[in-house]
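Here is how the chains run, residue by residue.
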2 protein chains.
Amino acid sequence: MISRKKNSTAPPDLQVCETFHAAIELIGKRWSGAVISVLMKGANRFKDLRDSIPGVSDRLLIERLKDLEEAGIISRTVLPSRPPQVTYNLTDKGRALTPVLEAISTWGHAWNK
Amino acid sequence: MISRKKNSTAPPDLQVCETFHAAIELIGKRWSGAVISVLMKGANRFKDLRDSIPGVSDRLLIERLKDLEEAGIISRTVLPSRPPQVTYNLTDKGRALTPVLEAISTWGHAWNK
């Protein structure tokens, strides 16, 4: 039933926008939204992040924090205390996601009660 | 370095909101955002969806369309033609995602050029 013609493409005005697609795949990656949301609420230590997100494993949280740091959404600071204390904070790029998270929250509460 | 105390929890005001989390995990699932975006642009046949989203496989597109239908975000209509024609459309709940997609697009274009 489903065949793919070579070089078939939809009209240009229907094509998914690559910039949009990259953005939603980045922030939609499993646990990313939760991490960003909890950082916005003021958590900034690993333990607080982990305890604020039920179900996330240490391994996946570490992985996702690295992804978000590489994407420029969070920064990681190591304080030279004993033992060293690590904190995570949203960058300007990360804080600029506030309207996105608000829109998702509004939609969620309206339609997925 | 990382130890998890039994029953440790973050202060209630830091906890991730479950409704928000479920919403971002749903629309952030791989290809979901692209599919919703392309439906918003007016595509409604399987072929058009597939051709509008470079890189998606038939199998994953079928799977994601089923997920979105189960979540009440899209509807699937089978027209009694020969051969039967299947179309996909956003429901009210799906169209209500417009502000979410707009916010993501705005952020993407501002920060991921």
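What counts and what doesn't
Every chain is numbered on its own, with residues counted from 1 as its sequence reads. Here chains are named by letter from A upward and ligands by number from 1 upward, in the order in which they appear as written. Local features in a predicted model are, by the rule used here, given only for residues with pLDDT of at least 70; side-chain atom pairs are given and counted only at 80 or more, and totals for whole chains, interfaces and linings are based on all residues. Secondary structure is summarised from DSSP: a helix means a run of H or I of at least four residues, a strand means a run of E of at least two, and numbering begins at the N terminus for each. A radius of gyration in this sense is built from C-alpha atoms; the matching globule rule multiplies 2.2 Å by the number of residues raised to 0.38. Burial is judged by counting the other C-beta atoms within 10 Å of a residue's own C-beta: 20 or more makes it buried, 12 or fewer makes it exposed, and any count in between marks it as partly exposed, with every C-beta position built from the backbone. We call two residues in contact when their backbone-placed C-beta atoms lie within 7 Å. Strand pairing is assigned whenever DSSP detects at least two bridges linking the two strands. Residue type decides the class: Asp, Glu, Lys and Arg count as charged, Ala, Val, Leu, Ile, Met, Phe, Trp, Tyr, Cys and Pro as nonpolar, and the leftover types, Gly among them, as polar. For this overlay, a least-squares fit was computed on C-alpha atoms, restricted to residues scoring pLDDT of at least 70 in both copies. Throughout this description, the term nonpolar core refers to a group of buried Ala, Val, Leu, Ile, Met, Phe, Trp, Tyr and Cys residues whose C-beta atoms join them within 7 Å.

**A closer look at the overall build of chain A**
The number of helices and strands found in chain A is 6 helices and 2 strands. Secondary structure elements in chain A, listed N-terminal to C-terminal, are α-α-α-α-β-β-α-α. For 113 residues, the compact-globule estimate of 2.2 N^0.38 gives 13 Å, and chain A exceeds it by more than 25% at 18 Å. With respect to the principal axes defined by its C-alpha atoms, chain A has extents near 65 × 35 × 30 Å. Residues classed as buried in chain A amount to 34% of the 113 residues present. Long-range contacts, defined as pairs at least 24 residues apart, comprise 43% of the intrachain contacts of chain A with a sequence gap of at least 6.

**Digging into the pairing of strand β2 (residues 85-90) of chain B**
Residues and elements named next belong to chain B. Sheet analysis places strand β1 (residues 74-79) next to β2, joined by 6 bridges and oriented antiparallel. By the bridge assignment for β2, serine 75 is matched with asparagine 89. What sits between the antiparallel neighbours β1 and β2 is a turn of 5 residues.

**Thoughts on the interface of chain A and chain B**
If you look at the interface, chain A gives 47 residues, while chain B gives 47 residues. Listed by contribution, the elements that provide at least two residues to the side of chain A that touches chain B are α1 (18-28), α2 (32-40), α3 (46-52) and α6 (98-111) of chain A. When residues of the side of chain A that touches chain B are assigned to their parent elements, the largest contribution, 10 residues, is made by α6 of chain A. Residues belonging to the side of chain A that touches chain B are distributed by class as follows: 24 nonpolar, 14 polar and 9 charged.

**Things to note about helix α2 (residues 32-40) of chain B**
Counting buried residues in α2 of chain B gives 8 out of 9 residues, a clear majority hidden from the surface. Looking at the residues trailing α2 of chain B, positive phi occurs at glycine 42 of chain B, about 115°.

**With respect to the relation of the copies chain A and chain B**
The transform that puts chain A on chain B rotates by 180° and translates by 0.0 Å along the axis, for an RMSD of 0.0 Å. What the rotation and shift describe, once combined, is the action of a two-fold rotation axis. Looking at the rotation axis and the C-alpha trace of chain A, the residue lying nearest is glycine 28 of chain A, at 1.8 Å.

**Comments concerning the environment of leucine 97 of chain B**
Looking at where leucine 97 of chain B falls in the secondary structure, it is placed in the loop between α5 (92-95) and α6 (98-111). For leucine 97 of chain B, a count of 24 C-beta atoms within 10 Å translates into the label buried. Residues leucine 97 of chain B and serine 37 of chain B, 60 residues apart in the sequence, show an inter-C-alpha distance of 9.4 Å. When near neighbours in sequence (up to four residues on either side) are disregarded, leucine 97 of chain B contacts Trp107 of chain A together with Ile27 and Ile36 of chain B.

**Section: the environment of valine 100 of chain A**
Looking at where valine 100 of chain A falls in the secondary structure, it is placed in helix α6. Note on valine 100 of chain A: 25 C-beta atoms within 10 Å, which makes it buried. For valine 100 of chain A and proline 11 of chain A, which are 89 residues apart along the polypeptide, the C-alpha to C-alpha distance reads 28 Å. Not counting residues within four places of it along the chain, the set of residues in contact with valine 100 of chain A comprises Ile27 of chain A together with Ala103, Ile104 and Trp107 of chain B.

**Things to note about the nonpolar core**
Residues Val35, Val38 and Ile104 of chain A together with Val35, Val38, Ile53 and Ile104 of chain B are the most contacted members of the largest nonpolar core, which totals 49 residues. Among the elements of the structure, α1, α2, α4 (58-70) and α6 of chain A together with α1 (18-27), α2, α4 (58-70) and α6 of chain B are those that each provide at least two residues to this core. Setting aside anything within four residues of it in sequence, one finds valine 38 of chain B in contact with Leu14 and Val16 of chain A together with Ala43, Leu49, Ser52 and Ile53 of chain B.

Geometric descriptors of this kind do not, in isolation, establish any biological role.
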